[in-house]
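# Structural characterization, general
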Amino acid sequence: MDILLVRTFLEIAATGSFVAASKRLFVTQSAVSLRVQKLEASLGRTLFERSKAGAELTPAGREFERYALSMLKVWEEARQQIAIPEGFTESIHIGAQYSLWPRLGFRWIDALRRAMPEISIRAELGMPDRLTRFLIEGVTQMALLYTPQARPGLQLEQILEEELVLVAAWPEPDMDIAGRYAFVDWGPEFVHAHALHLPELTNPGLTLALGALSAEYIIGRELAAYLPARAVKTHLDSGRLHLVPGAPSFPYPAWAAWREDMDEGILAEALAQLRHVAANADAEQEAVMGDLAELSEDGEVATLGDHVETLPGSSS
């Protein structure tokens, strides 16, 4: 069976839309429809119920979905195994969101290469939905995300807790930054807490959904923004950015997600190295938070929202 047809089927099943699937696959909607027609003709069953609201799996489609996932997983395993370079015996594909690469992901790769010199490593970049899809399809085995999605076949572990701190690109800043503030969108929980505690900065007219990449933008334009303490430490040390005294921080947990069917030996070593790297990264964050506490009048840093200890979206 054509693996492209299977991948297209899974994209539609995941998004519930032929249009959304076509955008993710970078093909026309008619191409997606044609692929589904070929797949349905091959199976002799209708896989989707089409409507103005989108596309919903039929009973046959739901039955086929688990086989489709298995076929794609086997294909990816075969493709990756064949692609292992000479001199290596195993491989691991990992992914992470942009903001988690510089201070965590790259160091994780270094640790993996030291601990497992026989393993070939491939790294991916993506947003949470893309990384989750890669995990489900077997393209990647492990990923670092801020907002993971609980899915069958995946395991999750909070690996560290970022602290988003308010920084400015000019010396001796204070909370009077209206007109010089860029709102970095760190997700719905941050948006809600920010609106509740900092209403005067809620609609600055500039919103960046660029994660830690926003640092370069605000530095070049002398703006202020909320960014991860770890990610901006080098900028703080060099004097390119400055902590805003008295500004509350926001806890932002980072998670590791991995496939349940990973090789147990590789998983155990990969997790051990990741936990070690995360523990060392905590020291950098503590240094930044200590500096912020010293700058604040009462020596304490208020929290913008409650600390999150459970998986986002969970009821506990």
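Keep in mind it's a predicted model, so treat the numbers as computed, not measured. (Residues numbered from 1 in each chain as written. Predicted model: local features only at pLDDT ≥ 70, side-chain atom pairs only at ≥ 80, totals over all residues. Heavy atoms only, no water.)

### As for the overall build of the protein
- Broken down by element type, the protein carries 10 helices and 11 strands.
- Overall, the C-alpha framework of the protein stretches about 70 × 50 × 40 Å when taken along its three principal axes.
- Here the protein, with 316 residues, has 49% of them falling under the buried criterion.
- Intrachain contacts of the protein at a sequence separation of at least 6 include 73% that bridge at least 24 residues. (Helix = DSSP H or I, 4+ residues; strand = E, 2+ residues; numbered from the N terminus. Buried < 20%, exposed > 50% of the residue type's maximum accessible area, 1.4 Å probe, protein only. Contact = heavy atoms within 4.5 Å.)

### Observations regarding the side chain of arginine 230
- Residue placement: arginine 230 occurs in helix α9 (residues 229–238).
- Within polar-contact distance, the side chain of arginine 230 engages the side chain of glutamate 162 at 2.8 Å.
- Excluding residues that lie within four positions of it along the chain, arginine 230 makes contacts with Arg103, Leu160, Glu161, Glu162, Ala281, Asp282 and Gln285. (Polar contact = N/O pair within 3.5 Å; in protein donor to acceptor, adjacent residues only side chain to side chain.)

### Some thoughts on the packing of helix α1 (residues 3–15) against helix α2 (residues 18–25)
- It is at 8 Å that the axes of α1 and α2 come closest, and there the two elements cross at 125°. Looking at the two axes, α1 sits oblique to α2. Crossing of α1 over α2 shows right-handed handedness. Along the contact surface, α1 presents Thr8, Glu11, Ile12 and Thr15, while α2 presents Phe18, Ala20, Ala21, Arg24 and Leu25. (Axes fitted to C-alpha atoms, helices over the stretch in contact; angles between N-to-C directions. Parallel < 35°, antiparallel > 145°, perpendicular 65-115°, else oblique. Left-handed = near helix turned anticlockwise from the far one by under 90°.)

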